[in-house]
Amino acid sequence: MNIVFAGTPEFAQVALEAVIAAGHAVPLVLTQPDRPAGRGMKLHPSPVKASALAHGIEVAQPRSLRLDGKFPDDARTARAQLEAARPDAMVVAAYGLILPQWVLDLPVRGCLNIHASLLPRWRGAAPIHRAIEAGDAQTGITIMQMDAGLDTGDMLLEAVESIAPDERTSSLHDRLAALGGRLIVEALARLDELPRVPQPASGVTYAHKIEKAEAEIDWTLPAAEIERRIRAFDPFPGASGRLAGEVIKLWAAVPADAKGAPGSVLAASPAGLLVACGDCSLLITELQRPGGKRLPARQFLQSAGDPVGQVFVPRGA
């Protein structure tokens, strides 16, 4: 088919490559505008844009698709490009812009979304992070026929992926990206025969966007909840705590039974920093000082000194 693709990050890049490899024509790719990144804050293309250009595909980067919005010229230009592409269908994966009704109506076969959860659980922007944070045992990919709602469209295909007890967002992301690529290719191949299944009215949850402000740990929470959050926030935004005037990134931890005042460092050894939480404690095994690298606790302590008796500053203090 003639496919217009809309997506931005690496998760979407995997799907774009899969659609191209399956032999579909992709005359146009929509992606977010280039963003400043790195120490020099130079503009960098999205992973999807980089792939599109490597394949010689035309790229559109509107700031909005709303014809009556803040950037109507962008929307009108994008509409002309979409109409010229004459898509049979649009495939959408982590694009980052809301599609107005005129976009949903333009492709002959509509717009298909690759969503990284088993809908209706974890609709919204951060389904992978939130599934780990909540302690879910499984998640997956849903291929959905898009409508005007927020991830509310009919389901076409889904596949389940287990979440390991020590799962991090980084590892689960990569498996779900590969699964999404395989599933969208299958959905396009079987589009005529796939039943459209309305989402259940029960079991709806929302995966709100991850904010940097969430990174700072609230040590009054239960140890198990904090441990899940550390894994969910790897690699972004990275869980953190303020100790001895420094913001320390926390990358790995193991629940422990010791008790004490929340945030206090009860012990330190090559195995890790034992920090009291709201109920029990966590043995922090991988940490990072400002400007440094991720280090196992043994190496971290060589440069940080003995933190026993110090307290991670309470969140918001």
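What counts, and at which threshold
Residues numbered from 1 in each chain as written. Predicted model: local features only at pLDDT ≥ 70, side-chain atom pairs only at ≥ 80, totals over all residues. Heavy atoms only, no water. Axes fitted to C-alpha atoms, helices over the stretch in contact; angles between N-to-C directions. Helix = DSSP H or I, 4+ residues; strand = E, 2+ residues; numbered from the N terminus. Parallel < 35°, antiparallel > 145°, perpendicular 65-115°, else oblique. Left-handed = near helix turned anticlockwise from the far one by under 90°. Contact = heavy atoms within 4.5 Å. Nonpolar A, V, L, I, M, F, W, Y, C, P; charged D, E, K, R; others polar. Phe/Tyr/Trp six-rings, centres within 6.5 Å; stacked < 30°, edge-to-face > 60°. Buried < 20%, exposed > 50% of the residue type's maximum accessible area, 1.4 Å probe, protein only. Lys NZ or Arg CZ within 6 Å of the ring centre and 35° of its normal. Pairing = 2+ DSSP bridges. Core = buried A, V, L, I, M, F, W, Y, C linked by side-chain atoms within 4.5 Å. Salt bridge = Lys/Arg side-chain N within 4 Å of Asp/Glu carboxyl O.

Draft legend 1. Quick peek at the packing of helix α5 (residues 127-134) against helix α7 (residues 223-232). Interhelical geometry of α5 versus α7 gives an angle of 155 degrees and a closest axis separation of 7 Å. Here α5 is positioned roughly antiparallel relative to α7, judged by the angle of their axes. For the pair α5 and α7, the crossing hand works out as right-handed. Contact residues: α5 offers H129, I132, E133 and A134, while α7 offers R228, R229, R231 and A232. Residue composition of the contact of α5 with α7, by class: three nonpolar, one polar and four charged.

Draft legend 2. Structural context of the packing of aromatic side chains. All told, the structure shown has one aromatic pair when counted by the stated rule. Look at W219 and F312: their rings are 5.0 Å apart centre to centre, the planes differ by 35 degrees, and that puts the pair in the tilted class. A residue pair is termed long-range when its members are at least 10 positions apart, and W219 in the loop between β11 (206-207) and α7 and F312 in the segment after α8 (297-304) qualify at 93 residues. Assigned by exposure class, W219 and F312 land together as buried. Directly above the ring of W251 sits R294, whose terminal nitrogen or CZ lies 3.6 Å from the centroid.

Draft legend 3. Representation of the environment of H44. Note that H44 resides in strand β4 (residues 42-44). Each C-alpha atom of the pair H44 and R175 lies 25 Å from the other, and the pair is 131 residues apart in sequence. With residues near it in sequence (within four places) discarded, H44 still touches D34, R35 and A37.

Draft legend 4. Geometry of the sheet that holds strand β10 (residues 154-162). Reading across the sheet, the seven strands line up as β5-β2-β1-β6-β7-β9-β10 and stay open at both edges, with mixed pairing between neighbours. Each end of this open sheet is capped by a strand with a single partner; those strands are β5 (58-60) and β10. Pairs of neighbouring strands in the sheet enclose a mean axial angle of 20 degrees, with direction left out of account. Sheet topology note: the strand β1 (residues 2-7)/strand β2 (residues 25-30) ladder contains four bridges and is parallel. Paired with F5 across the two strands is V29, which belongs to β2.

Draft legend 5. Expanded view of the nonpolar core. Ranked by size, the top nonpolar core spans 44 residues in total, and within it F5, I114, I141, I143 and I184 carry the most contacts. When residues in this core are grouped by element, the largest group, eight residues, is from helix α6 (residues 169-189). Counting residues in each nonpolar core, the second largest holds 22 residues, with I217, W219, A253 and L287 among its members.

Draft legend 6. Up close: the packing of α5 against α6. Closest axis-to-axis distance for the α5/α6 pair is 10 Å, and the angle between their directions is 130 degrees. One element, α5, and the other, α6, form an angle in the oblique class. The way α5 lies across α6 gives a crossing that is right-handed. For the pair α5 and α6, contact is made by I128, H129 and I132 and by T169, L172, H173 and L176, respectively. Split by residue class, the contact of α5 with α6 holds four nonpolar, three polar and no charged.

Draft legend 7. Geometry of the pairing of strand β14 (residues 265-269). Pairing of β14 with strand β15 (residues 272-276), which is carried by four bridges, proceeds in the antiparallel orientation. Bridge pairing links V265 to V275 in β15.

Draft legend 8. Expanded view of the pattern of salt bridges. As enumerated under the stated definition, the model contains 21 salt bridges in all. Among the salt bridges present, the one from D34 reaches K49, with a minimum N-O distance of 3.2 Å. With D34 in the loop between β2 and β3 (35-37) and K49 in helix α2 (residues 47-54), this residue pair connects regions lying 15 residues apart in the sequence. R63 is paired through a salt bridge with D74; the nearest N and O atoms lie 2.9 Å apart. In this pair, R63 sits in the loop between β5 and α3 (72-85) while D74 sits in helix α3, placing the two residues 11 residues apart along the sequence. Residue classification places R63 among the partly exposed residues on the basis of a relative accessible area of 45%. D74 gets classed as buried once you look at its relative accessible area, which sits at 18%. Bridged by salt links that share partners, the residues R130, E133, E214 and R229 form one connected network.

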